[in-house]
Amino acid sequence: MTKVFEAEAGPNVSVIVPNLEGELMLEECLRSVVTSVGQWTYEVIIVDNGSSDRSVDVIGKVMPKARIVRNRENRGFAEACNQGAEASRGEFFLFLNNDVVLAHSCLEEMILWAYSDPEAAAWQPKILLADGKSWDSAGSFITRTGFLQHRRGGLVSEHPFDEAVQIFSPKGACMLV
């Protein structure tokens, strides 16, 4: 059973969702957090960057216990992530784009990996494009010439990327730190 954080001690994870005009995406994103967190306690912090749509109404309907940090204007993705981290109480932070839908137990498994490898600094799941058939990212690496290259490749059926590997950096769309 999943538990939203309400106790004195902090939750296992703070889910930080920067938002700008996310009315059409937020509901599915937030519902996926609930189905993916498993046994771990969590809190959700939405940082709204001055949305003019009904994003805040969606948050209240889907996740009434979520905390909302409201900016009058768009302060950008990085600043929104920093504001969410400052407001967080979790042992880990999951930075999650408002258009990401987590697979069932995805967050639960990421947290298990985090607890099992305290030497690692960040974790990323495999990220698919909206079609569910093509890769967006399976982690990033530095090439010999110093460029960042994303580990991806065509269709999931052609390159399943089923093994856990060390990566140089996770993609900010879904990153546990």
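Procedures and definitions
- Residues numbered from 1 in each chain as written.
- Predicted model: local features only at pLDDT ≥ 70, side-chain atom pairs only at ≥ 80, totals over all residues.
- Heavy atoms only, no water.
- Buried < 20%, exposed > 50% of the residue type's maximum accessible area, 1.4 Å probe, protein only.
- Helix = DSSP H or I, 4+ residues; strand = E, 2+ residues; numbered from the N terminus.
- Arc of directions from axis to C-beta.
- Contact = heavy atoms within 4.5 Å.
- Pairing = 2+ DSSP bridges.
- Right-handed = clockwise from strand over helix to strand, strands pointing away.

1. Overview of helix 1 (residues 26–36)
All of the buried residues along helix 1 are Leu26, Cys29, Leu30, Ser32, Val33 and Ser36. End-on view of helix 1: buried residues confined to an arc of 155 degrees, all on one side of the axis. For helix 1, the secondary structure elements touched by its buried residues are strand 2 (13–19), strand 3 (41–49), helix 2 (55–62), strand 5 (92–96) and helix 4 (106–116).

2. Here's the deal with the environment of Leu128
Mapped onto the fold, Leu128 is located in strand 6 (residues 127–128). Residue Leu128 is classed as partly exposed on the basis of its relative accessible area of 38%. Placed 28 residues apart in sequence, Leu128 and Val100 show a C-alpha to C-alpha distance of 9.4 Å.

3. Quick look at the pairing of strand 2
Of all seven residues in strand 2, seven are buried, a share of seventy percent or more. Residues of strand 2 alternate between two faces, with Val13, Val15, Val17 and Asn19 on one and Ser14, Ile16 and Pro18 on the opposite face, all of them buried. Two strands pair when backbone bridges link them, and strand 2 and strand 3 are joined in this way by seven bridges, in the parallel orientation. Within strand 3, the position partnered with Asn19 by the bridge is Asp48. For the crossover from strand 2 across helix 1 to strand 3, the handedness is right-handed. Sheet topology note: the strand 2/strand 5 ladder contains four bridges and is parallel. Bridge pairing links Ser14 to Phe93 in strand 5.

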